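So you can see what is in the structure, the chains are spelled out below.
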Amino acid sequence: MNRAIWAALIGHWRRNPLQWITLVAGLALGTALWAGVQAINAEARASYAAAAATLGETRFAMLRPTSGDAIAQDTYIALRRAGWDVSPLIEGRLRPSKESPVRLIGIDPLTAPMGLLPTPEGAQAEPTAFLTGPGQVFGPPDALDRLPATVTAARIAAPDVAPNTVITDIGVAQRLLGRAGKIDRLLLAPDQPLTRRPLAEIAPGLELIPPQESADMARLTDSFHLNLTAFGLLSFAVGLFIVHGAIGLAFEQRRAMLRNLRALGVPLPRLLALMALELAAFALIAGAIGVALGYGVAAALLPDVAASLRGLYGAEVSGSLALRPAWWLSGLALALGGTALAGAGALWSLARMPLLASAQPQARARALRPALQAALALGLLGLAWALALWGTGLRAGFVMLGALLLGGALALPPLLGVVLRLSQARAKGPVAQWFWADSRQQLPGLSLALMALLLAMAANVGVSTMVSSFRLTFTGFLDQRLAAELYVTAADARQAAAIEALADGPVRAVLPLMSVDTKIAGQPATLHGLRDDPTYRDNWRFLQSIPNAWDAFAKGEGVLINEQLYRRAALQLGDVIPLAQGLRLPIVGIYGDYGNPVGQVSLSESLFQKSFPQVAPRRFGLRLAPDQVPALQEELTQKIGLAENAMIDQAALKALSRSVFERTFAVTTALNLLTLAVAGFAMLMSLLTLAAMRLPQLAPVWALGLTRRRLALLDLARALVLAALTGALALPLGLALAWALLAVVNVEAFGWRLPMFLFPADYARLNLLALAAAALAALWPALQLARLPPAQLLGVFRNER
Amino acid sequence: MNAKALLLCIFLPLQAAAQGFAGLGTTPQDFTQPNPETVLRFPQDHGAHPDFRIEWWYVTANLTGPDGTPYGLQWTLFRSALAPERKGQEHQGWQSPQLWMGHAAVTTPNAHYVAERRARGGIGQAGVRAAPFEAWIDDWQMRGPDLDRVQLAASGTDFAYQVTLQATGPLVLQGTKGYSVKSAAGQASHYYSQPFYTVSGQLTLPEGPVPVTGTAWLDREWSSQLLAADQSGWDWFSLSFDDGARMMGFVLRGTQDFTAATWIAPDGTPTPFPDGAFMATPLDRQQVAGRDLPLTWRLRLPAKGVDVTIKALTPKAWMDVSVPYWEGPVTVSGSHAGVGYLEMTGYAP
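Residues numbered from 1 in each chain as written. Chains lettered and ligands numbered in written order. Predicted model: local features only at pLDDT ≥ 70, side-chain atom pairs only at ≥ 80, totals over all residues. Heavy atoms only, no water.

The nonpolar side chains of soluble globular proteins are, as a tendency, buried together. Formed by 95 residues in total, the largest nonpolar core has its most connected members in L450(A) and L711(A). Looking at this core, the elements that each hand over two or more residues are helix 13 (370–390), helix 14 (394–426), helix 15 (430–481), helix 22 (650–693), helix 23 (695–703), helix 24 (708–749), helix 25 (760–786) and helix 26 (790–798) of chain A. Among the elements that make up this core, the one with the highest residue count is helix 15 of chain A (25 residues). Two domains share this core, each providing at least three of its residues, namely domain 3 (362–472 + 659–801) and domain 4 (481–655) of chain A. Not counting residues within four places of it along the chain, the set of residues in contact with L711(A) comprises W434(A), L698(A), V701(A), W702(A), L706(A) and L785(A). With 44 residues, the next largest nonpolar core counts A61(B), L63(B), M142(B) and V163(B) among its residues. (Core = buried A, V, L, I, M, F, W, Y, C linked by side-chain atoms within 4.5 Å. Buried < 20%, exposed > 50% of the residue type's maximum accessible area, 1.4 Å probe, protein only. Helix = DSSP H or I, 4+ residues; strand = E, 2+ residues; numbered from the N terminus. Domains from an automatic or database assignment. Contact = heavy atoms within 4.5 Å.)

What follows concerns the side chain of H12(A). Mapped onto the elements, H12(A) comes out in helix 1 (residues 2–15). H12(A) has contacts with Q19(A), A250(A), Q253(A) and R254(A), leaving out every residue within four places of it along the chain.

Turning to helix 26 of chain A, a few remarks are in order. Residue and element names in this part refer to chain A. Among the residues of helix 26, those classed as buried are L793, G795 and V796. Here the buried residues of helix 26 occupy an arc of 150 degrees about the axis, which is enough to place them on one side. Residues of helix 26 that are exposed and point more than 90 degrees away from the buried face comprise A791 and R798. (Arc of directions from axis to C-beta.)

Below, the discussion takes up the sheet that holds strand 10 (residues 206–209) of chain A. All names here are of chain A. Read across the open sheet, the 8 strands follow the order 6-5-7-4-3-9-1-10; overall the sheet is mixed. Edge positions in the sheet fall to strand 6 (154–157) and strand 10, since each has one partner strand and no second. Across this sheet, the average inter-strand angle for adjacent strands is 30 degrees, counted without regard to direction. With 4 bridges connecting them, strand 5 (residues 136–139) and strand 6 associate as parallel partners. The residue of strand 6 that forms the bridge with Q136 is A154. Taken strand by strand, helix 3 (residues 73–81) contacts strand 1 (62–65), strand 3 (86–94), strand 9 (185–188) and strand 10, and its axis lies near 160 degrees from that of strand 3. Of the strands in this sheet, strand 3, strand 4 (102–107) and strand 7 (165–169) are in contact with helix 6 (residues 170–177), which crosses strand 3 at around 35 degrees. (Pairing = 2+ DSSP bridges. Axes fitted to C-alpha atoms, helices over the stretch in contact; angles between N-to-C directions.)

Before going further, it helps to spend a moment on the environment of L302(A). Mapped onto the elements of the fold, L302(A) is located in helix 11 (residues 268–313). With 259 residues separating them in the primary sequence, L302(A) and E43(A) have C-alpha atoms 8.7 Å apart.

Moving on, we come to the interface of chain B and chain A. Across the contact, 33 residues belong to chain B and 34 residues belong to chain A. Summing the contributions of chain B and of chain A, the shared interface buries around 2,900 Å²; its carbon and sulfur component is 62%. Counting across the interface, chain B meets chain A through 4 salt bridges. Among the salt bridges present, the one from D138(B) reaches R80(A), with a minimum N-O distance of 2.4 Å. Taken together, the connections running from chain B to chain A amount to 12 residue pairs in polar contact (both at pLDDT 80 or more). Here the side of chain B that touches chain A gets 6 residues from one element, more than from any other, and that element is helix 1 (residues 3–10) of chain B. (Buried area = accessible area lost by both parts, 1.4 Å probe. Salt bridge = Lys/Arg side-chain N within 4 Å of Asp/Glu carboxyl O. Polar contact = N/O pair within 3.5 Å; in protein donor to acceptor, adjacent residues only side chain to side chain.)

Scored by pLDDT, chain B has a mean of 89; 92% of the residues are at 70 or more. Segment residues 1–26 of chain B: pLDDT under 50, and 86 contacts once partners within four positions in sequence are set aside and those in other chains are kept. (pLDDT = per-residue confidence, 0-100.)

Let us now look at the packing of aromatic side chains. For the coordinates displayed, the defined rule picks out 23 aromatic pairs over all chains. Ring centres 6.1 Å apart and planes at 65 degrees place the aromatic pair W540(A) and W550(A) in the edge-to-face group. Here W550(A) lies in helix 18 (residues 549–554) and W540(A) lies in the loop between helix 17 (534–539) and strand 14 (542–545), a separation of 10 residues in the sequence. Here F237(B) and W297(B) contribute two aromatic rings whose centre-to-centre distance is 5.2 Å and whose plane-to-plane angle is 75 degrees, an arrangement assigned as edge-to-face. Of the two residues, F237(B) sits in strand 14 (residues 233–241) while W297(B) sits in strand 19 (residues 291–301), which places them 60 residues apart along the sequence. F237(B) gets classed as buried once you look at its relative accessible area, which sits at 0%. Through pairs of rings, three or more aromatic residues link up here, namely Y536(A), W540(A), F542(A), W550(A), F553(A) and Y591(A). Lying over the aromatic face of W84(A), R196(A) brings its terminal NZ or CZ to 4.2 Å of the ring centre. Its end group placed over the ring of Y347(B), R253(B) keeps NZ or CZ at 3.9 Å from the ring centre. (Phe/Tyr/Trp six-rings, centres within 6.5 Å; stacked < 30°, edge-to-face > 60°. Lys NZ or Arg CZ within 6 Å of the ring centre and 35° of its normal.)

Let us look at the environment of T76(B). Residue and element names in this part refer to chain B. Inspection of the secondary structure assignment puts T76 in strand 2 (residues 70–81). Each C-alpha atom of the pair T76 and W56 lies 7.0 Å from the other, and the pair is 20 residues apart in sequence. For T76, the contacting residues outside a window of four places in its chain are W57, Y58, M101, G102 and H103. In this structure the side chain of T76 is engaged in a polar contact, spanning 2.8 Å, whose partner is the side chain of Q74.

All right, on to the pairing of strand 12 (residues 188–205) of chain B then. Within a regular strand, side chains alternate between the sheet's two faces. Residues and elements named next belong to chain B. Judged by how many residues are buried, strand 12 sits mostly within the fold: 13 of 18 residues are covered. Of the strand pairs in this sheet, strand 9 (residues 160–167) and strand 12 are connected by 8 bridges, and their pairing is antiparallel. The residue of strand 12 that forms the bridge with T164 is S200. Here 2 bridges tie strand 10 (residues 172–173) to strand 12, and the two strands are oriented antiparallel to one another. Of the residues in strand 12, the one forming a bridge with L173 is Y192. In terms of strand pairing, strand 11 (residues 179–181) meets strand 12 through 3 bridges, oriented antiparallel. Note that in strand 12 the partner of V181 across the bridge is A188. Hairpin connection between strand 11 and strand 12: a loop of 6 residues separates the two successive antiparallel strands, and G186 in this loop has a positive phi of roughly 105 degrees. Note that strand 12 and strand 13 (residues 208–223) share 14 bridges and pair antiparallel. The partner of Y197 across the bridge, within strand 13, is A216. Count of turn residues in the strand 12/strand 13 antiparallel hairpin: 2 residues.

For the rest of this paragraph, the subject is unusual backbone geometry. A cis amide bond links F42(B) with the next residue in sequence, P43(B), at an omega value of 10 degrees. Relative to the helices and strands, P43(B) is located in the loop between helix 2 (12–15) and strand 1 (54–64). Cis geometry marks the peptide bond from A131(B) to P132(B), where omega comes out at -10 degrees. You can see P132(B) is positioned in the loop between strand 5 (126–129) and strand 6 (134–137). Positive phi is not limited to glycine here, since N548(A) has a value of about 55 degrees. Counting through the fold element by element, N548(A) comes out in the loop between strand 14 and helix 18. Phi at A289(B) is positive, roughly 50 degrees, even though this residue is not glycine. Positionally, A289(B) belongs in the loop between strand 18 (279–288) and strand 19. Of the residues examined, A289(B) reaches a relative accessible area of 42% and is grouped as partly exposed.

See below:
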């Protein structure tokens, strides 16, 4: 019997292939974006994990020179011979021509703490080859490929090494980096021997850094990934609207068949089970397609994501994508879960359907009851409002966004209903009245597609407003901040002194850039020492400050903090914060800082040097006439021996910063456009399915004298009117979204609140785009209608129920 | 490859891999081979022989605390070369093919403390100088004006020791004038000992410092291919009898066991015995670290009237290091009474 029922059920889809395609495509597209985003996140997290595992130096305490110079190899031997169980590590970058540099790590496998060594793929560990002769380098294949030809060591693939990183023996690394006898850090084994002589006695220039929690990178980048996840969910929600529509329609159309099956004696539970199974099968097919598409999306977007994560957080993320169970399983699970959600209502109404109920499909019966929907919408919008006022935390921010969007979407059909009713009331003439009445009649069937369109448009308005506002602010910030014409990095104390001495020559001002990483008020923060200079006074904009803040700062009577620290640590102007041993100062100014998400404290140069005498400045900003920059660069290379890559001029630095910014939001923009495409597709599918169902309603109008051509034009016009109305509603919703992103999500994710700018031209363009999409979607059904054989319209009367 | 696997491979020539100590029987390439004609010279031969593949400075001591509690002590420095080097022309820096490993242990009647150190040659972290004598790895060292009087020190995360060794007898050449045959196929090593050290010093244990006195035994051995291909490991015995005599014996386990022994008279005069003269019979086996280890033995050297039972002070003397083995103090009873050390390698889990 199962087979017969099955054949009857499947028969419906065979007669309505378009509906089946709608169902599968909607689900697949929604899943694709979700799976794509999850794939990106999984790849990034795997990269952090690889970095933490294979180069998990931060898991170990370490010895570092206080001055920032390298450690002499003799010091290492002296420490070992004094009973310190330490292992040397050297690090540098190998710069292949034109491509981005590869991080090279040199270790000593004999003393390295357990778990620091890479796992080569398939190859046997060959200690003789690793330790002697040209040596071996381990790394992910793409990093190995980019090594310069000067690396003669054998290249061994080791996928678990952090991306863009290769590991080799310390002797080989010293040779490749041209730093014989130098060591950057000494890692301490967790358990040290009993008899150790004090560090100050053996190596007074070294300081002990305690191990750090390994989840640092994951925590830092959490907000970034949460952002992506939110977008994935948004597009899935749009997809779900399509699926819900398709399933609902199919169930309505099958009511007659289902009644017949039940009348023939098919038990209800079996019918329900088979239909659930049918849906599950579709969900799996759609999920698989979605995951495959998602892989494509992720592969296309990953390089940009990797670049922005590197630029923003310094996190190395692999540029190539692996098929990880975490995300493709979650994609399939989401497809199944979404289908269950979308199909539950239909199955529920089937279960409660009286055996003898009308078997006619009812277009208007497929939507929620308007009153209930309006109430739900109001509830969600209220929740969003409440969260905006009282919510805290990034997750609350995203819940608020979700409630706002869903509430707005649910509010659309009731609002459109009101508008259409008012229009009908004011309409003159029978055709106009019929047009509005027929629009109202069609609204329930179209409302899901229109809601999807609303979501996509609102998201587009919101996100583009946020990104553009951010861009304006950021560009202004760069112009203020990157005021120095040339930035240089000294390799040693001699070069640093020579650069300082430039102040007497062609250079108007030399600004040393000194910093130490620390914790302020329980938050990780960077402490900067600033030389009092007009460059800062003229360019830095305070969000809040006491009068004459710069004077207080220069006198060492106060410090400046950035907005991130101000918000995260809930500090206020005038609060006294402990900065170092015996140094506590009040906050005299708070500045906007959009460079990176970490907290910052700036204090005067003299205070900084007093508190951190071991930190010698190595980076400098140089102020001089822009046209003299090339000459100075030449001079610095010739006289001081500064390397080419130790100098970067203002324009290059700005371009670099901007490219990081653009890449960060390239992903967002791409996801946004894809969501809009999904919504357009939803519209097309809804109109196509409705077209078939509307024949009985069109036939009488046609019979009364309206030509098919006229009817088709009216249909086209209706699609445009509905799209325009939706667009009009999407604008305020999108602006609310933009506000939420700028004032809530950004503050939580990055720690800065951005001013909101409006871009009317962009919104107009978007609305035109939406209208064009709607017109395009309506064109095909309208053409079909215009060419419909009159016999079919006549047939409606013959088959009149 | 985890660090352990890499280290196993690195010390493969020295102590063999997981499948057993049979790795010591692999081909020795271009290393110098032990030669029965070689005459050992001192103090030069106290230093390293970089043209040979493997070498060790191996001290074991039977000690007693003030309350009569017996203790064992071990201090070992291994050298293993990835490639042969001529003496005097060694590579300097990280390119050196010499690898060093130290093992230190203290055994009490109910505990065993172990530490291991590893080092590259060529950078000064480990090495040996013949005169004035100094052997070191990290802060572990064995040094003195000569080999007759040395300070010995080592430390782990939970123990340390510092003792002075004073020789009361001459160096003893093992085998034939220091040429010690290890298999019927002719594998051999250069091998000499100093079995006449008296010891005094201090152990630092988790429960506090313990002053100790006793006797110690130094073994010096170098070779390029120690075991025949079929040999999987060895049982090695060094016994100090109460009457002042000493005895060294070993069994190399293979398809056919190979034994050798040296009887050392109280004045230091050695009498070597060829394969078969010395017999070692396991009496009682116990599970230690997943292995079935004989911790009581019957040892016989009929030519010298020796028929003794040796018994481990504690089964816990398992050396849980890169290449694990059992090494610990024993008591001797039977025809002769005394103390000694037992080493058992190459037992599969």
